[in-house]
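Chain residues, written in single-letter form:
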Amino acid sequence: MRIDVVTVFPDYLAALDLSLIGKARQAGLLDLRVHDLREWTTDRHRTVDDTPFGGGAGMVMRPDVWGQALDDVLGADGRLVIPTPSGEVFTQRHAEALAAESHLVIACGRYEGIDARVAEHYRAAGREVSELSIGDYVLNGGEVAALVLVEAVGRLLPGVVGNPDSLVEESHGAAGLLEYPVYTKPPVWDGLEIPDVLASGHHARIDRWRRDRALERTAQRRPDMIAALDAAALDKHDRAL
Ligand SMILES: Nc1c(O)cccc1[N+](=O)[O-]
């Protein structure tokens, strides 16, 4: 997969040289390219923004500069992704869908955002344009969201995560539940012991205990996820909880 990130702060994406994503890039599993939007400016001051029509505080990023950049970077197969507080909330389902694409282009807005005609232009040209939010809070730009998107999508690519089984039981995974609590050595720490069942070696009981804790945790913290569960996914033991 190829992912292009276009931003006025390319150094912000340096963290993607580290850890699993960095290793995936070195192994050729992920072709990640970061571009400075100012490369597409034509004026002496390398201007990327201007005042908003209709008035109001802040500045808006210019459609002409973004259009030049995205025309060059999208190529024939790029799917445009725009991190924005006004987007659909990004979920694991979005990550899975984006991981199935061959080429993503992430346009990182700053200031008050990118002129709305940019998304409109590429939708009118028949492109898939995903405006996605990583959460209901205010950031200074899309770069942090781009880091989240690249990591969430990149780790799903074949060969990136060492043990693909570990992708199955995660929070927001196939079961649609939050992850159960995890424990490791020492068996007693600060006077706190691990749950006995986890040291029992009885795998059926351990599996049951883990599902019970995942259901309880999800019901307490994310009742919306419980409500979204397919009833058929709950067995009679689950319903008795
Ligand atoms: N929340 C936010 C923002 O304030 C600015 C750019 C992108 C996002 N977001 O993706 O959630």
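Residues numbered from 1 in each chain as written. Predicted model: local features only at pLDDT ≥ 70, side-chain atom pairs only at ≥ 80, totals over all residues. Heavy atoms only, no water.

Participant: What should I look at first to understand the domain arrangement of the chain in this one?
Facilitator: Interfaces are often sized by the accessible area lost when the parts come together. Along its sequence, the chain is carved into domain 1 (2-154) and domain 2 (171-240). The C-alpha-based centres of domain 1 and domain 2 are spaced at 36 Å. (Domains from an automatic or database assignment.)

Participant: Can you walk me through the site of the ligand in this structure?
Facilitator: Around the ligand there are 13 residues in total, and Ser133, Ile134, Tyr137, Leu139 and Ala145 lie nearest to it. In this structure, an oxygen atom belonging to the ligand sits 2.9 Å away from a main-chain N or O atom of isoleucine 134. Leucine 139 places a polar main-chain atom, nitrogen or oxygen, 2.7 Å from an oxygen atom of the ligand. The protein chains hide 94% of the 290 Å² of surface that the ligand would expose on its own. A molecule is said to occupy a pocket when more than half its atoms come within 2 Å of that pocket's grid points, and by this definition the ligand occupies the largest pocket. Within the residue set of the shell around the ligand, elements represented by two or more residues are strand E5 (79-89) and strand E7 (129-133). Here the shell around the ligand takes 3 residues from E5, the largest share from any one element. Grouping the constituent residues of the shell around the ligand by class yields 8 nonpolar, 5 polar and no charged. (Near = heavy atom within 4 Å. Polar contact = N/O pair within 3.5 Å; in protein donor to acceptor, adjacent residues only side chain to side chain. Areas by Shrake-Rupley, 256 points an atom, 1.4 Å probe, with all protein chains shown as cover. 1 Å grid on protein atoms, 1.4 Å probe; cavity = no way out; pocket = protein on both sides within 12 Å on 5 of 7 lines; lining within 4 Å. Sits in = over half its atoms within 2 Å of the grid points. Helix = DSSP H or I, 4+ residues; strand = E, 2+ residues; numbered from the N terminus. Nonpolar A, V, L, I, M, F, W, Y, C, P; charged D, E, K, R; others polar.)

Participant: Explanation requested: the pairing of E5 in the structure shown.
Facilitator: In the case of a regular strand, side chains alternate between the two sheet surfaces. For E5 and strand E6 (residues 103-107), the ladder comprises 3 bridges, and the chain directions are parallel. The partner of valine 81 across the bridge, within E6, is isoleucine 106. In the sheet, E5 pairs with E7 via 6 bridges, with the strands oriented parallel. Across the sheet, valine 81 pairs through a bridge with serine 130, a residue of E7. (Pairing = 2+ DSSP bridges.)

Participant: Mind showing me how you'd approach the sheet that holds strand E2 (residues 31-36) here?
Facilitator: Taken in spatial order, the 5 strands line up as E2-E1-E6-E5-E7 in an open sheet, and their pairing is parallel. Here the strands that pair on one side only, and so sit at the sheet edges, are E2 and E7. Neighbour to neighbour, the strand axes of the sheet diverge by 30° on average, direction disregarded. Across 6 bridges, the pairing between strand E1 (residues 2-7) and E2 is parallel. Counterpart to valine 6 in the pairing with E2 is histidine 35. Against the sheet, helix H3 (residues 92-99) touches E5, E6 and E7, its axis set at about 170° to E5. (Axes fitted to C-alpha atoms, helices over the stretch in contact; angles between N-to-C directions. Contact = heavy atoms within 4.5 Å.)

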